[in-house]
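Understanding the architecture of this molecule
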Amino acid sequence: MLNLQEPKSTGNRRYDYLIQEFRCALLRARLEVADLEAIGLALTAGLITAEQALDHASNCGCLRWIQPTDTPVEAA
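I will try to describe carefully the structure that is included in this document. (Residues numbered from 1 in each chain as written. Predicted model: local features only at pLDDT ≥ 70, side-chain atom pairs only at ≥ 80, totals over all residues. Heavy atoms only, no water.)

As for the overall build of the protein chain
Within the protein chain, the regular secondary structure consists of two helices and zero strands. When the 76 residues of the protein chain are sorted by exposure, 12% land in the buried category. Considering only intrachain contacts with a sequence separation of at least 6, the fraction spanning at least 24 residues in the protein chain is 33%. With an accessible surface of roughly 6,800 Å², the protein chain has 59% of that area assigned to carbon and sulfur atoms. (Helix = DSSP H or I, 4+ residues; strand = E, 2+ residues; numbered from the N terminus. Buried < 20%, exposed > 50% of the residue type's maximum accessible area, 1.4 Å probe, protein only. Contact = heavy atoms within 4.5 Å. Areas by Shrake-Rupley, 256 points an atom, 1.4 Å probe, with all protein chains shown as cover.)

Structural data, given as structure tokens:
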């Protein structure tokens, strides 16, 4: 796991800025993971329908990670 504590400044503003951007991206990715896990759990437990799950994924910006197809893919 990445250490999110703020290190001392290097004096290089571009480098420091880039490190902060990576930290923000990491936190955004973790939020998306939490959203997808919550939607998956709710769908598995029967608390929401498949359509509602897609709506929730769309509302939180996570729909790009899901590519529903018209026909189910059979397990090999």
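Considering a nonpolar patch on the surface
Where nonpolar side chains cluster on the molecular surface, the patch consists of Leu54, Leu63, Trp65 and Ile66 and spans about 350 Å² of accessible area. Mapped onto the fold, Leu63 is located in the segment after α2 (50-59). (Patch = residues over 30% accessible without salt bridge, like charges linked within 9 Å, V, L, I, M, F, W, Y side chains within 5 Å. Salt bridge = Lys/Arg side-chain N within 4 Å of Asp/Glu carboxyl O.)

Digging into the nonpolar core
Grouped together as the largest cluster of nonpolar side chains are five residues: Ile39, Ala42, Ile48, Ala53 and Ala57. For this core, the elements supplying multiple residues, two or more each, are α1 (13-44) and α2. If we skip the residues at most four places from it in the chain, Ala53 touches Ile39, Leu43 and Ile48. (Core = buried A, V, L, I, M, F, W, Y, C linked by side-chain atoms within 4.5 Å.)

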